[in-house]
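Observations on the three-dimensional arrangement
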Amino acid sequence: MEDDAPVIYGLEFQARALTSQTAESDAIRFLVGTQSLKFDNQIHIIDFDDENNIISKSVLLHQAGEIWHISASPADKAVLSTCYNKSEASTLPFHVTRHLSRVVTCGAVWRMPPEWESGSHESPDDPHNSHNPQNLELLCHLDNSAHGNTSSVLWEPMGDGTRVISLADNHALLWDLTESSTQATISSSATLEGKGQLKFTSGKWSPHHNCTQLATANDTAIRGWDLRTMSQIYCIENAHGQLVRDLDFNPNKQYYLASCGDDCKVKFWDVRNINEPVKNLEEHSHWVWSVRYNHSHDQLVLTGSSDSRVILSNMVSISSEPFGHLVDDDDLSDGEDNHQYDKSKEPLQDSIISTYEEHEDSVYAVEWSSADPWLFASLSYDGRLVINRVPRALKYHILL
């Protein structure tokens, strides 16, 4: 098999929730949540053996409902959160509702059985694993009916697993978890105020500024929040021409934020100057659902779209290594007074590294592996998970 050849895994269920295991581990592991109205929903634990190009899976039952969002604890590889749909009986009289029930979206924190933590589980063909999956252990709920439907749960980056934020309709709720994650209490909250029915569509907890900042998207706007006061610190009113779908912070440049949306665009922002994006990408032909910076090499940016494509871009001109080596933000902002760099030396050119077309349905999620910076996964709605690698030639160009 070629070194850069994709590895494809079919879940046999529709799915749109994907995350990489973030707790410290050498294992390459992705978690996928399914969406099924007929069968019990599941978490698929996908372990990838990079040397032999082999996928191993475990299946755990998620009987609470269809999974819309999944996220892994940064501190405990057995703990994860999900946002899921469940039907709730209507409070209206039966003769009014007939058999109608309303669907609500909830958030919860779960623990895997101990034997699934290490990756020492059955092969994909083991019938026992597929036909007799175990249940996740519910640790605590993260919903409060007063705050509405929970769209996503965000763990504090590089935290100890005791702080999460849930986005529920127009509320951002900061929760404190006990060490065992079995109890959650709201410590503070922020509310999106304005005309109409405002709802958060996505959010990202910044790994910078001592983890005191949050970015959120609602409709076409992007907002920044100070978590110490739960107050708004910036607002990009019309960041995209249509709905903003996803956000991600540059891991190496504290003021840089990427966004994507239904206008088919990916935009890069310096939140100190929100009048214009510093860069636009217009390579997709339909809604862009997911954008992710590489955790180590921030010039590498992944996007996934309803055009069924995954695009890997080399955004080197706005990275922390625009000249091929590390540059500090302050060095570039010194302007005329800075003579450290030869003025004839231009930043390296941005480019599209590769377009991946292994999917046949909308790609709802892309994620870099937390264990291997050169490996990433993408998930389409038909349940196809594709694992790809950064091309070897580019890898060595970056490293050398």
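Residues numbered from 1 in each chain as written. Predicted model: local features only at pLDDT ≥ 70, side-chain atom pairs only at ≥ 80, totals over all residues. Heavy atoms only, no water.

A word on a nonpolar patch on the surface
Applied cut-off: Note that patches include only residues with greater than 30% relative accessible area and no salt bridge, and the join distances are 9 Å for like charges and 5 Å for nonpolar side chains (Val, Leu, Ile, Met, Phe, Trp, Tyr). Computed with a 1.4 Å probe, the accessible areas rest on the Shrake-Rupley method; for each residue, only the protein chains presented here act as cover. Should a side-chain nitrogen of Lys or Arg be within 4 Å of a carboxyl oxygen of Asp or Glu, the pair is scored as a salt bridge. Working definition: helices are DSSP H or I runs of at least four residues, strands are E runs of at least two. Numbering for both runs from the N terminus.
Together, Y396, L399 and L400 make up an exposed nonpolar region whose accessible area comes to about 370 Å². Mapped onto the secondary structure, L400 falls in the segment after α4 (392-399).

Observations regarding the packing of aromatic side chains
Cut-off, in case you're wondering: Note on ring pairs: Phe, Tyr and Trp rings are taken, using the six-membered ring of Trp, and paired if centres are within 6.5 Å. Classes follow the plane angle, with under 30 degrees stacked, over 60 edge-to-face and the rest tilted. Relative accessible area decides the class of each residue, using a 1.4 Å probe on protein chains only: under 20% of the type maximum gives buried, over 50% gives exposed, and in between gives partly exposed.
For the structure shown, the criterion picks out nine aromatic pairs. Note on F13 and F39: the rings are 6.2 Å apart at their centroids and 85 degrees apart in plane angle, and the pair reads as edge-to-face. Placement of the pair is F13 in the loop between β1 (7-10) and β2 (14-20) and F39 in the loop between β3 (28-35) and β4 (41-49), with a sequence separation of 26 residues. Residue classification places F13 among the buried residues on the basis of a relative accessible area of 17%. When its relative accessible area of 54% is taken as the criterion, F39 is described as exposed. Ring geometry for Y356 versus F376: centroids 5.4 Å apart, planes at 70 degrees, classification edge-to-face. Pair noted here: Y356 is in strand β26 (residues 351-356) and F376 is in strand β28 (residues 375-380), with a separation of 20 residues, a long-range link. Among the residues examined, Y356 registers a relative accessible area of 8% and is labelled buried. The structure contains a cluster of three or more aromatic residues connected by ring pairs, namely W287, W289, Y364 and Y381.

Let's talk about the sheet that holds strand β25 (residues 310-314)
To keep things clear, this is the line we draw: By definition, two strands form a pair when at least two bridges between them are found by DSSP. Only the contacting stretch of a helix is used when fitting its axis, a line to C-alpha atoms as for every element, and angles between N-to-C directions run 0 to 180 degrees.
Ordered by their spatial adjacency, four strands build an open sheet running β23-β24-β25-β26, and the pairing between neighbours is antiparallel. Looking at the sheet topology across the chains shown, the edges are occupied by β23 (288-293) and β26. The mean inter-strand angle of the sheet, taken between neighbouring strand axes irrespective of direction, is 20 degrees. The pairing of β23 with strand β24 (residues 300-305) spans five bridges and is antiparallel. Considered in β24, the bridge of S290 is made with G304.

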